[in-house]
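Structural features, examined
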Amino acid sequence: ALFQHGNVMVLALYVTSVVVFVRRHLLPGINRKETMVAKLRKSCSCTPQKLKNFLMDFFPVLRWLPKYRCREYIWGDIMSGLVIGIILVPQAIAYSLLAGLKPIYSLYTSFFANIIYFLMGTSRHVSVGIFSLISLMVGQVVDRELLLAGFDLNDDAPPASGDGSLQNDNLSNTTAFNLTIVSGCFVSMYLSESVLDGFATGASLTILTAQVKYLIGIKIPRSQGHGMLVITWINIFRNISQANLCDVITSAICIVVLVTAKEIGDRYKHKLKFPLPTELVVIVVATLVSHYGKLNEVYASSVSGAIPTGFIPPKVPEFNLMLRVALDALPLAIVSFVFTVSLSEMFAKKYAYTIRANQEMFAVGFCNIIPSFFHSFATSAALAKTLVKTSTGCQTQISGVISAMVVLLVLLFLAPLFYSLQKCVLACIIIVSLRGALRKFRDVPARYYVNKVDTLVWVVTMSASALVSTEIGLLVGIVFSMLCIIVRTQRPRTALLGQIQDTSFYEDDLEYENLSTVPKVKIFRFEAPLYYANRNYFLKSLYRLTNLDPNLEAARRKKYEKKEKRHLKKGNHKTANGLGIGETTLQLVPKQIDFQALVVDCSSISFLDTTGVNTLKEILKDYKNLNISVLLACCNPSVIDSLKRGGYFGKDFGCMQEMLFYSIHNAVLFAKDQKLPADFQDKHGKVRPPPSL
């Protein structure tokens, strides 16, 4: 039709519009679709280089092992590996008391954890394996499942015959192993230092309480459920008359020796090339004395019993039991991951290298998942062993392999030699290892001086972990810490600022002396994000500090205007106050309005939600009705973006330069340069103070 009419111009315009439409709307969509498909195809493709990078990222050992400096690193790794292996053996046997399992399973845990972390970990120094806190949490779940199954929780109860004993042992093992694989599959979360310290201290009190019965050799069942610490101490005092004198004497001697050796080691650690293997010496000597003195037969002292050698065939965890312990696995996974990552970051910073937190999560997870098939229980990095590891010259995780070989030697050949080892000796080793956590009570005054809220979080978490249960204590600590953060953002510090004389800086006039007030300008600081939860507090603080509520003042003005109109309708040329009509305007300015500009210091406002933006728009409108300018200073890009999207500056952002400033001083200078409102001027244009009503 266009050709028939010969309208070449219309045809050209039509073709041009079609081309533009295709280029703007159709081609970009096609291009975007092709780009997405190409990216998806590229990401899903498997090339030799991608496979190599994946394997090297998933197994970091493939990156650093080929670069291993043998002459420089080997002796330090061998020395630290041997020392940690020597420490691991007695601790593994001791911590089996906490987990409620046979000592052989603690040795399995130590062996597999060191090997797996060697392959997958990114930290060069942390020591991963058995950890007292994790062992206690595993033991509590094991006790609960045994109690539900009808087994006796008394460690010294006569063993059941035949199938009963086997079922008890199998249920304990199965519970621990299923708990381990589930905890390895959970994704962890961030915990504050106060929560972690309080949790560790409260759990240490629980561990200490659980070992007292072994120290004095009394026969009471392991308490289960909430209030375990209180119930255990009640049972201890009720049965104190049954204390075994042989265990009491042995415990006293072991604690004195261990504490003395630890204190000497701490005092002269800069002179010692490696720490004293006190635990191993105590265990060897105590085992020999118990064996040749026949302490079990003569004095009825409780001993470790038979520890088998070799490895038990792997076993698939039971799915039904995994579902039952899934909730218990969550705090285990949290504690295990957070402790490991925190220690890894601490030593990486100290020795100037980097770790990958995501890979650490995989490493800790597989340290729990894979060993669970081989009768191991949950693991984590431990601070004490890591400190020993670094102090003895550790350079890489080769030392972990050396430690695993020491444990393997015990597993294959030396385990039966610990048959006569008294349980009270193992309890002494556990209690002495808690010194660091229990010493945190001495840090409470200093902690309180630094931060009162963090101290309160520590006290609440510690008390809940000790008096209720470790899992509940961790939950209480997390919730209470979050509540403290919410409260602190709901009721933050607010202040009016004054100028430091002869400078461009402004500070809180209640905190500092000799600050100059800025004439006709109020500077308000709000030290928190502005969002729905603290909106009312923001407004109340602003109105209180500036001594002006614009809503009340607007209502007062309307009331006065109505009153004046009534007088005028009656034919009075005088107002209610006896003034002329021309002077009425002066009465509309109350005495408390002594400023013409409000500067809001937004330097501490990290973000705004919709309510926050609307609040700022509200005060902008309310103060504008009173001829008071509202200026924002020191806004970060996120806040500016929220204000733009919320329409604070209008549709075209034309007034933005007169409403937003990069510093308080610039805003103050702008406010001073502004022409004062008519309410502050006389008929000659000179500024005068506002009259009173």
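Calculation notes
Residues numbered from 1 in each chain as written. Predicted model: local features only at pLDDT ≥ 70, side-chain atom pairs only at ≥ 80, totals over all residues. Heavy atoms only, no water. Buried < 20%, exposed > 50% of the residue type's maximum accessible area, 1.4 Å probe, protein only. Helix = DSSP H or I, 4+ residues; strand = E, 2+ residues; numbered from the N terminus. Pairing = 2+ DSSP bridges. Right-handed = clockwise from strand over helix to strand, strands pointing away. Contact = heavy atoms within 4.5 Å. Patch = residues over 30% accessible without salt bridge, like charges linked within 9 Å, V, L, I, M, F, W, Y side chains within 5 Å. Areas by Shrake-Rupley, 256 points an atom, 1.4 Å probe, with all protein chains shown as cover. Salt bridge = Lys/Arg side-chain N within 4 Å of Asp/Glu carboxyl O. Phe/Tyr/Trp six-rings, centres within 6.5 Å; stacked < 30°, edge-to-face > 60°. Lys NZ or Arg CZ within 6 Å of the ring centre and 35° of its normal. Axes fitted to C-alpha atoms, helices over the stretch in contact; angles between N-to-C directions. Parallel < 35°, antiparallel > 145°, perpendicular 65-115°, else oblique. Left-handed = near helix turned anticlockwise from the far one by under 90°. Nonpolar A, V, L, I, M, F, W, Y, C, P; charged D, E, K, R; others polar. UniProt positions renumbered as here; feature names shortened; annotations may be inferred. Polar contact = N/O pair within 3.5 Å; in protein donor to acceptor, adjacent residues only side chain to side chain.

**Looking at the pairing of strand S8 (residues 629–633)**
Two faces, one strand: in a regular strand the side chains alternate between the faces of the sheet. Counting buried positions along S8 gives four out of five residues, so the element sits mostly inside the fold. The pairing of strand S7 (residues 595–601) with S8 spans five bridges and is classified as parallel. Within the sheet, the bridge partner assigned to Val600 lies in S8 and is Leu632. Crossover connection from S7 via helix H27 (residues 610–624) to parallel S8: handedness right-handed. The sheet contact formed by S8 and strand S9 (residues 660–661) spans two bridges and is parallel.

**Some points on the side chain of Asn239**
On the secondary structure map, Asn239 appears in the loop between helix H10 (228–238) and helix H11 (245–267). With sequence-adjacent residues up to four places away left out, Asn239 is seen in contact with Ile218 and Ile220.

**Points about unusual backbone geometry**
Even without glycine at this site, Asn547 takes up a positive phi of about 60°. On the basis of relative accessibility, which here comes to 54%, the residue Asn547 falls in the exposed class.

**Structural notes on a nonpolar patch on the surface**
Together, Phe311, Leu409, Leu412, Phe413, Leu414 and Leu417 give the surface a local cluster of nonpolar side chains, amounting to about 570 Å² of exposed area. Assignment of secondary structure puts Phe311 in the loop between helix H13 (295–299) and helix H14 (319–324).

**What about the packing of aromatic side chains?**
With the rule as written, the count across this model stands at 20 aromatic pairs. On the basis of an interplanar angle of 45° and a centroid distance of 6.1 Å, the ring pair of Tyr531 and Phe607 is categorised as tilted. Taken together, the positions of Tyr531 in the loop between strand S6 (520–526) and helix H24 (535–546) and Phe607 in the loop between S7 and H27 put the pair 76 residues apart, joining distant regions of the chain. Counting every residue linked through ring pairs, the aromatic cluster contains Tyr105, Tyr108, Phe111, Phe112, Phe311 and Phe374. Lying across the ring of Tyr353, Arg124 places its NZ or CZ 4.3 Å from the centre.

**A few points about the pairing of S7**
In terms of burial, S7 is a largely internal element, seven of the seven residues being buried. Where S6 and S7 come together, six bridges link them in parallel fashion. From the neighbouring strand, Arg525 faces S7, where its bridge partner is Asp601.

**Some details on the packing of H11 against helix H12 (residues 278–293)**
Two numbers describe how H11 lies on H12: the axes approach to 10 Å, and their chain directions differ by 160°. Taken as axis vectors, H11 and H12 run roughly antiparallel relative to one another. For H11 against H12, the interelement crossing comes out right-handed. Residue-level inspection shows Cys254, Val257, Leu258, Ala261 and Lys262 of H11 in contact with H12, the latter providing Thr278, Glu279 and Val282. In the contact of H11 with H12, the residues fall into five nonpolar, one polar and two charged.

**Notes on the side chain of Ser127**
Mapped onto the elements, Ser127 comes out in the loop between helix H6 (103–120) and strand S1 (128–129). Residue class for Ser127 comes out buried when judged on its relative accessible area of 1%. For Ser127, the contacting residues outside a window of four places in its chain are Ile84, Ser380, Ala381, Ala382, Lys385, Thr386 and Lys389.

**As for the UniProt feature "transmembrane region" (unreviewed entry) in the protein**
Sequence positions flagged by UniProt for "transmembrane region" (unreviewed entry) are, in local numbering, residues 6–26, 73–95, 115–138, 274–293, 321–341, 362–384, 396–414 and 458–487. This span, residues 115–138, is 54% helix and 8% strand, and a straight line between its end C-alpha atoms measures 22 Å.

**Here we look at the environment of Asn296**
Within the secondary structure layout, Asn296 lies in helix H13. Remark: the alpha-carbon pair of Asn296 and Ser420, spanning 124 residues in sequence, is separated by 7.7 Å. Beyond its immediate chain neighbours, meaning those up to four positions away, Asn296 contacts Ser301, Ser302 and Val303. From its side chain, Asn296 meets the backbone oxygen of Ser301 in a polar contact 2.7 Å long.

**So, the pattern of salt bridges**
One pass over the full model with this rule turns up 15 salt bridges. One salt bridge connects Glu263 with Arg439, and the closest N-O pair in it is separated by 2.8 Å. Within this pair, whereas Glu263 is found in helix H11, its partner Arg439 is found in the loop between helix H20 (435–438) and helix H21 (444–450), the two being separated by 176 residues in sequence. Using a relative accessible area of 35% as the deciding quantity, one classes Glu263 as partly exposed. Accessibility expressed as a relative area gives 32% for Arg439, which makes it partly exposed. Across the pair Glu511 and Arg493 runs a salt bridge, and its minimum N-O distance is 3.5 Å. Of the two residues, Glu511 is situated in the loop between strand S4 (506–508) and strand S5 (515–516) and Arg493 in the loop between helix H23 (470–490) and strand S3 (494–500); the sequence distance between them amounts to 18 residues. Residue class for Arg493 comes out partly exposed when judged on its relative accessible area of 40%. One network of salt bridges, with partners in common, ties together Arg493, Asp508, Glu511 and Glu527.

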